[in-house]
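Chain by chain, the residues run as shown.
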Amino acid sequence: MSFFSFRKPKIVTTLQEQGGALAVDVRRSLSLAFSHAGLLLKLLRIEGAEYLSQQTRRAAWLAAAGVFLFVSYLLLLALLCVFMQEFVGSWPAAIGIVLAANLLVGVLLLIVALRAKPVPFAEMTREELKKDLECLKILLDKENTES
């Protein structure tokens, strides 16, 4: 009976074991890669919300400055109309004071809005991607030197 029994050659068994080990390594690497990509997406989502919040605040400052400057323009027109109608009187002085105060507030709001530093979008995600790219380059260089 042992004469007719068929055993797999040792080489085939070794290749099958190596193939199985390779498949396990590939699965593990893919799992880690997808996990890493998921974490990068979470980081991107957090940074996106932060960026949106800061840009919304900046837009509010710009809108406030725009409103004050628009009101100043309307008051300037009213002042010009009064001056044209009455060359000297109390109305132009009152409108001029309101206009000056309104213009001052508008200009200050505009300066505050424009001096705010623009915040770069997704800075931490970009840094992580740069690190990942550097690690991949190092790994590829090691594989090329070993081959």
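Look a little higher up for the structure.
Overview of the structure. Every chain begins its residue count from 1, and numbering advances along the sequence as written. Totals for whole chains, interfaces and linings use every residue, but because this is a predicted model, local features are given only for residues with pLDDT of at least 70 and side-chain atom pairs only at 80 or more, for both listing and counting. By convention in this description, side-chain values take in all heavy atoms of the structure and omit both hydrogens and water.

### Things to note about the overall build of the protein
Runs of H or I in DSSP of at least four residues are treated as helices and runs of E of at least two as strands, each being numbered from the N terminus. Broken down by element type, the protein carries three helices and zero strands. Each helix (α) and strand (β) of the protein, taken in turn from the N terminus, gives the series α-α-α. Taking all contacts inside the protein whose residues are at least 6 apart in sequence as the whole, residues at least 24 apart take part in 79%. For every accessible area listed, the method is Shrake-Rupley and the probe measures 1.4 Å; residues are considered covered only by the protein chains on display. Accessible surface, the protein: about 12,300 Å² in total, of which carbon and sulfur atoms supply 71%. The contact criterion used throughout is that any non-hydrogen atoms of two residues lie within 4.5 Å.

### Notes on the pattern of salt bridges
Each salt bridge in this description consists of a side-chain nitrogen of Lys or Arg and a carboxyl oxygen of Asp or Glu lying within 4 Å of one another. Throughout the structure, instances matching the rule amount to one salt bridge. A salt bridge links glutamate 128 to lysine 131; the shortest N-O distance between them is 4.0 Å. Of this pair, glutamate 128 and lysine 131 both sit in helix H3 (residues 123–146), three residues apart, which is roughly one turn of that helix. Each residue's exposure class comes from its accessible area (1.4 Å probe, protein chains only) as a fraction of the maximum for that residue type: buried when under 20%, exposed when over 50%, partly exposed otherwise. By relative accessible area, glutamate 128 is classed as partly exposed at 27%. Judged by relative accessible area, lysine 131 falls into the partly exposed class, the value being 46%.

### Some points on a nonpolar patch on the surface
Together, Val67, Phe70, Val71, Tyr73, Leu74 and Leu77 make up a nonpolar patch on the protein surface, roughly 550 Å² of accessible area in all. Considering the arrangement of structural elements, one finds valine 67 in helix H1 (residues 10–85). Note on patches: the residues involved have over 30% relative accessible area and no salt bridge, like charges join within 9 Å, and the nonpolar side chains Val, Leu, Ile, Met, Phe, Trp and Tyr join within 5 Å.

### So, the side chain of glutamate 47
Looking at the secondary structure, you find glutamate 47 in helix H1. Of the buried charged residues, glutamate 47 lacks a salt bridge, with arginine 126 as the closest side chain of opposite charge at 7.1 Å. Distance and chemistry together define a polar contact, namely a pair of N or O atoms within 3.5 Å, with one atom able to donate a hydrogen and the other to accept it when in protein, and with adjacent residues in sequence counting only for side-chain atoms on both sides. Side chain to side chain, glutamate 47 and threonine 125 meet in a polar contact 2.8 Å long. The contacts of glutamate 47, once residues within four sequence positions are left out, are Phe121, Ala122, Glu123, Met124 and Thr125. A residue counts as positive if it is Lys or Arg and as negative if it is Asp or Glu; His and the chain ends are not included.

### A few points about the environment of isoleucine 111
Position of isoleucine 111 relative to the elements: it lies in helix H2 (residues 90–115). Along the backbone, isoleucine 111 and tryptophan 61 are 50 residues apart, and their C-alpha atoms lie at a distance of 9.7 Å.

### Regarding the side chain of threonine 125
Topologically, threonine 125 is positioned in helix H3. With residues near it in sequence (within four places) discarded, threonine 125 still touches Leu40, Leu43, Leu44 and Glu47.

Structural measurements only, silent on function.
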